[in-house]
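Per-entry structural report
Here are the chains, one letter per residue:
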Amino acid sequence: MSAHLAKLNPRQKEAVLHIDGPCLVLAGAGSGKTSVITRKIAYLIEECGMPARHIAAVTFTNKASREMKERVGGLVKGSAARGLTVSTFHNLGLNIIRREHKALGMKASFSIFDAEDARALLKELMLKDGDLDSDHLDLVANQISNWKNDLVIPAMAASKAASPGEAQIAEIYRRYNQALRAYNAVDFDDLILTPVRLFSEQPEVLEKWRRKIRYLLVDEYQDTNSSQYLLVKLIVGDRGGLTVVGDDDQSIYAWRGARPENLSLLKKDFPSLSLIKLEQNYRSTSRILRVANHLIAHNPHEFDKALWSEMGLGEPIRVIRCANEDAESERVAMEILSQRLKRQAKFSDFAILYRGNHQARLLEIKLQAHQIPYTISGGTSFFARAEIKDVMSYLRLIVNPDDDNAFLRIINTPRRQIGPSTLEAIGHYANERHISMFNACGEIGLGEHMPEASLERIRRFHHWVLQMGENCRGDDPVGALKQLVEDIDYEGWLHQNASAPKVAERRMENVWYLLDSIKAILQKADDDELTVEDAIAKLMLRDMLERQEEEDLGDQVQLMTLHASKGLEYPHVFMVGMEEDLLPHRTSIEEDNIEEERRLTYVGITRAQKTLTMTWAAKRKQYGEIIETSYSRFLDELPEEDVVSEGLGQHNPEVNRAQGSAMLGSLLDMLKK
DNA sequence: CTTTTTCCCATTTTT
DNA sequence: TGGGAAAAAG
């Protein structure tokens, strides 16, 4: 039929060709799910004659959506892919809100509060409340996010509150939403929730979007939360133009609201659903897949699935018992050095996976000691950097004068001699009049409560921001932004604050990079006319701004958490800390959440292409004292014939105990000397 | 404003 | 136990 199908296996072909009615593709790890999605898009456009602008593909991360865009671009020739929507859930939500802000009764320019902004706002609300100490901040932020993900509005939260404490949080929730509205802002969860509300309440708007999106494809479906699923249902309606791809065995984000049961709910909500399983794996050896299958079989399953591959049997999985965590890290470092030579592999062929970030510390020390190059993924992201947040706050305030958070961040950065007392006066004034702090700065009545000098400084700032806003809306927005950064002498401020001149230079480079990104977004006007507002909103979702991290990937060993490894693959994988209380994590054991931990282990195993090595430490320092550990229960769930144990022989309890006590004796002898 | 001191916590995290 | 962050002190 077409070139798009030639390289696919029968199951994959079936998934691509199935376009009448909703389709669930259960795609095991490494089974080519992205190929299926991208080729299905190509097939819809080129063979079914569906205009690209009526097709939308949704992913969870910017990275995934970027990759998908690229691959579709390589598949679909010429301009046929124009108008295709490939975006994250949040970006799709943002587009809907942006286009429908009138129907929503919102201003065209709104701010997006990231997690940090949201917490700052919550903190303020709770302080005002008085009797809630900010210890609960995490708890409250989490609860509110959970409510939003579960489509619970403040009134419902209040009426369903089971305890006075919960009622109190519900009240904060109400005021938090109210404050967001006053600031003309939405938080990340609102980006999904608001479109859902809009579509539920205004059928004619929904109808409009249904006419636009006629075919929807969703990646990593097991990671959707309730509101995301409802958004999907609303858009698709009963026309069945839906393909979702997911793997229930790789659901590892339940703790942040993901509902893996959405997979099985599909069957109920779309009775005509077709189920297609992709079980052929193109990544790993049979041995690795056998181990993975064997482990995950210990979880209850609604859908049975067994991965297989034609990559050959491969080497057994190695399980290495180490004396303590120090020896474990040392061993991994030595393994990497020797394996690299033996197999003529690159450093970048190795990945070390662990449960918690703190485990990276020791590994880092050992890798450094042996001069092994490495990168740790999951440090402070580009966006969390102070300099980026500062400049972004200037942009946000220019775009949306109601954004008090942005105002507070920059009013005295760099120093403008506007201190706490002045700010308090502004805050009071703004509160009484129900206007934002920035707008209060422009009012005449403000002069009452403060010295002339402070007022003058405030007036200057206010005027300057307005001027900058005008400049940005002129014909050279990027030039205006450069001017802004120079006006405030941000570079000087950075130098003044940095511990070393180098640090300041590096930070300034980040700022220029940010401006370059804005330039790039504005120039890429193949979207409709993009305003500075749109560009800033997109940036808040970290879109367009992450490739920098990927650039400096040299030949380095990769260190990351098991969570962060999902979707990636490496020839040689180490899983460290295979111990009770660590890999089934203690809190998960207490909460009886073993199944998700098992899936996490499964994800780790299936990252490996050729070899997999698991290590565990018999003793581990924990909170200062040395704890006797026991190896992870998951090791007992691996097929014996595919596993070779090392260190003290087996990880089997019997052997272990016998050899362990023998070893203990000799260890004691050694210590005595 | 910077340095010191104290205190608290110790799973996973994208947008 | 040890590291990081907030509070306090200089």
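Along each chain, residue indices are assigned from 1 in the same order as the chain's sequence is written. Here the convention is simple: chains get letters from A, ligands get numbers from 1, in the order in which they are written. Owing to the predicted nature of the model, reporting of local features is limited to residues with pLDDT of at least 70; listing and counting of side-chain atom pairs is limited to 80 or more, with chain, interface and lining totals taken over all residues. In computing side-chain values, all of the structure's heavy atoms are included and hydrogens and water are not.

Per an unreviewed UniProt entry, chain A is named ATP-dependent DNA helicase Rep, and its organism is Simiduia agarivorans. What UniProt records for chain A under Subunit (unreviewed entry) is the sentence "Homodimer." UniProt positions are given in the numbering used here, feature names are shortened, and annotations may be inferred rather than shown by experiment. The Sequence similarities (unreviewed entry) comment attached to chain A in UniProt states, word for word, "Belongs to the helicase family. UvrD subfamily."

Now for the protein's contact with DNA strand C. If a single non-hydrogen atom of a residue is within 4 Å of a molecule or strand, that residue counts as near it. Arg361, Tyr623 and Gly624 make up every residue found near DNA strand C. In DNA strand C, atoms within 4 Å of the protein come from the sugar-phosphate backbone in 62% of cases.

A word on the pattern of salt bridges. When a carboxyl oxygen of Asp or Glu is within 4 Å of a side-chain nitrogen of Lys or Arg, the pair counts as a salt bridge. Inspection of every chain in the model, using the stated rule, returns 44 salt bridges. Close ionic contact of Lys566 with Glu220 constitutes a salt bridge, the shortest N to O distance being 3.5 Å. Note that Lys566 is positioned in the loop between strand E14 (557–561) and strand E15 (570–575) and Glu220 in the loop between strand E6 (215–218) and helix H12 (226–236), a separation of 346 residues in sequence. We note a salt bridge from Glu261 to Arg259, for which the minimum N-O separation is 3.6 Å. With a 1.4 Å probe rolled over the protein chains alone, any residue whose accessible area is under 20% of its type maximum counts as buried; one over 50% counts as exposed, and the rest are partly exposed. The exposure class assigned to Glu261 is partly exposed, which follows from its relative accessible area of 36%. Residue classification places Arg259 among the partly exposed positions, given a relative accessible area of 26%. Only DSSP runs of H or I with at least four residues qualify as helices, and only runs of E with at least two residues qualify as strands; both kinds are numbered from the N terminus onward.

Turning to the domain arrangement of chain A, a few remarks are in order. Where a domain begins and ends is set by an automatic assignment or by a domain database. Each assigned domain of chain A is listed with its residue range as follows: domain 1 (10–98 + 193–278), domain 2 (111–183), domain 3 (297–373 + 555–671) and domain 4 (383–550). Counting from both sides, the interface comprises 12 residues of domain 2 and, opposite them, 12 residues of domain 4. A quick way to say it: buried area is the sum, across both parts, of accessible area lost when two parts are put together, with a 1.4 Å probe. In this assembly, domain 2 packs against domain 4 so that about 1,000 Å² is buried in total across both faces, 41% of it on carbon and sulfur atoms. Put simply, Asp117 and Arg396 hold a salt bridge, and the shortest N to O gap is 2.9 Å. Polar contacts, as used here, are pairs of N or O atoms within 3.5 Å; protein pairs need one atom able to donate a hydrogen and one able to accept it. Residues neighboring in sequence count only if both atoms are side-chain atoms. Scanning the region where domain 2 abuts domain 4 turns up 6 residue pairs in polar contact (both at pLDDT 80 or more). Breaking the side of domain 2 that touches domain 4 down by element, the ones donating at least two residues are strand E4 (111–113) and helix H6 (115–129). A total of 6 residues in the side of domain 2 that touches domain 4 trace back to one element, the largest contributor, which is H6. Considered class by class, the residues forming the side of domain 2 that touches domain 4 number 6 nonpolar, 1 polar and 5 charged. Any two residues whose heavy atoms approach within 4.5 Å at even a single point are treated as in contact. Side-chain classes follow a simple rule in which Ala, Val, Leu, Ile, Met, Phe, Trp, Tyr, Cys and Pro form the nonpolar group, Asp, Glu, Lys and Arg form the charged group, and the remainder, Gly included, forms the polar group.

At a minimum axis distance of 9 Å, the contact between helix H2 (residues 10–17) and helix H3 (residues 33–46) shows a crossing angle of 45°. By the angle between their directions, the pair H2 and H3 is classed as oblique. The crossing of H2 and H3 is right-handed. Counted together, Gln12, Ala15, Val16 and Leu17 of H2 and Val36, Arg39, Lys40 and Tyr43 of H3 form the full contact between these two elements. All axes here are fitted lines through C-alpha atoms, helices being fitted over the stretch that makes contact, and every angle between N-to-C directions spans 0 to 180 degrees. For classification purposes, an angle smaller than 35 degrees is called roughly parallel, one larger than 145 roughly antiparallel, one from 65 to 115 roughly perpendicular, and anything else oblique. A clockwise turn of the near helix away from the far one marks a right-handed crossing, whereas an anticlockwise turn of less than a right angle marks a left-handed crossing.

Around DNA strand B, the surrounding shell holds 20 residues, and the nearest of these are Asn62, His90, Arg355, Asn357 and Thr561. Among the atoms of DNA strand B lying within 4 Å of the protein, the sugar-phosphate backbone contributes 46%. Residues belonging to the surface near DNA strand B are distributed by class as follows: 5 nonpolar, 10 polar and 5 charged.

For Phe, Tyr and Trp, where Trp contributes only its six-membered ring, two rings pair if their centres lie within 6.5 Å, and the inter-plane angle classes them as stacked under 30 degrees, edge-to-face over 60, or tilted in between. Taken as a whole, this structure holds 13 aromatic pairs when the rule is applied. Relative to Phe461, the ring of Phe438 lies with its centre 6.5 Å away and its plane at 80°, an arrangement referred to as edge-to-face. With Phe438 in helix H20 (residues 437–441) and Phe461 in helix H21 (residues 452–472), this residue pair connects regions lying 23 residues apart in the sequence. The same class applies to Phe438 and to Phe461, which are both buried. Among the aromatic residues, ring-to-ring pairing joins Tyr394, Phe407, Phe438, Phe461 and Trp464 into one connected group. Consider the ring centre and the ring normal. A charge sits over the ring if Lys NZ or Arg CZ is within 6 Å of that centre and within 35 degrees of that normal. Stacked on the ring of Tyr253, the Lys or Arg Arg256 has its end atom at 3.8 Å from the ring centre. Geometry around Phe347 places Arg340 over its ring, the cationic atom sitting 4.1 Å from the centre.

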